[in-house]
Amino acid sequence: MSYIYDYAHAGFRVFAIWGISPKDGSCECGDPDCDQPGKHPRISGWTEIPHWSDEQLDNMAEFLVTTGFGVVVDGCLVIDIDPRNGGNESYEKLAKKYGIDFKSDNTLVVETGGG
């Protein structure tokens, strides 16, 4: 969870997301019909959250963040590549079409559990 500090210190606003139950893979939000386990915010109004202090981040990391965390990316271009659904090929077409090497021109790359 040390990455949460990296994002916060880089000026991004971060928030806790619900975890996934190790018992049955369901979302810890308590909704038995949840269709986004481990992928949605623990708080409402997450797009308007403040920049947290280190003490608040410590508490978030210790008590709230069990699976991961979200990052508010206002003003950033985000390209989400899903390799399982042809994302690598689509990414290559996008880069070729616009003549941009997004990999070398980026400021941040995140590799998630999905690859």
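Note: the structure precedes this text.
This report concerns the structure included in the present document. (Residues numbered from 1 in each chain as written. Predicted model: local features only at pLDDT ≥ 70, side-chain atom pairs only at ≥ 80, totals over all residues. Heavy atoms only, no water.)

**Some words on the overall build of the protein**
For step 1, the next point in the chain: Within the protein one finds four helices and two strands.
For step 2, the next point in the chain: Along its sequence from the N terminus, the protein presents helices and strands in the succession α-β-α-β-α-α.
For step 3, the next point in the chain: Along the first, second and third principal axes, the C-alpha atoms of the protein reach 45 × 35 × 25 Å.
For step 4, the next point in the chain: Across the 115 residues of the protein, 24% fall into the buried class.
For step 5, the next point in the chain: Contacts spanning at least 24 positions in sequence make up 60% of the contacts within the protein whose residues lie at least 6 apart. (Helix = DSSP H or I, 4+ residues; strand = E, 2+ residues; numbered from the N terminus. Buried < 20%, exposed > 50% of the residue type's maximum accessible area, 1.4 Å probe, protein only. Contact = heavy atoms within 4.5 Å.)

**A few points about the packing of aromatic side chains**
The description of an aromatic ring pair rests on the distance of the ring centres and on the angle between the ring planes.
For step 1, the next point in the chain: Applying the stated rule across the entire model yields three aromatic pairs.
For step 2, the next point in the chain: Look at Tyr 7 and Phe 12: their rings are 6.2 Å apart centre to centre, the planes differ by 65 degrees, and that puts the pair in the edge-to-face class.
For step 3, the next point in the chain: On the numbers, 4.8 Å between centres and 40 degrees between planes, the contact of Phe 15 with Trp 46 is tilted. Of the two residues, Phe 15 is situated in strand 1 (residues 13–16) and Trp 46 in the loop between strand 1 and helix 2 (54–64); the sequence distance between them amounts to 31 residues.
For step 4, the next point in the chain: Judged by its relative accessible area of 6%, Phe 15 falls in the buried class.
For step 5, the next point in the chain: Linked through ring pairs, Tyr 7, Phe 12 and Phe 69 together constitute an aromatic cluster. (Phe/Tyr/Trp six-rings, centres within 6.5 Å; stacked < 30°, edge-to-face > 60°.)

**Thoughts on the environment of Ile 20**
For step 1, the next point in the chain: With respect to the secondary-structure elements, Ile 20 resides in the loop between strand 1 and helix 2.
For step 2, the next point in the chain: Between the alpha carbons of Ile 20 and Gln 36 there is a distance of 9.8 Å; along the sequence they are 16 residues apart.

**Thoughts on the side chain of His 40**
For step 1, the next point in the chain: Within the secondary structure, His 40 sits in the loop between strand 1 and helix 2.
For step 2, the next point in the chain: Exposure remark for His 40: the relative accessible area of 16% places this residue in the buried category.
For step 3, the next point in the chain: With sequence-adjacent residues up to four places away left out, His 40 is seen in contact with Ile 17, Trp 18, Cys 27, Cys 29 and Cys 34.

**A few points about helix 2**
For step 1, the next point in the chain: Among all positions in helix 2, only Leu 57, Met 60 and Ala 61 are buried. On an axial view of helix 2, the arc spanned by its buried residues comes to 95 degrees, and they lie on one face. Facing away from the buried side of helix 2 by more than 90 degrees, the exposed set consists of Glu 55, Glu 62 and Phe 63.
For step 2, the next point in the chain: Residues of helix 2 that are buried in the fold lie against helix 1 (3–9) and strand 1. (Arc of directions from axis to C-beta.)

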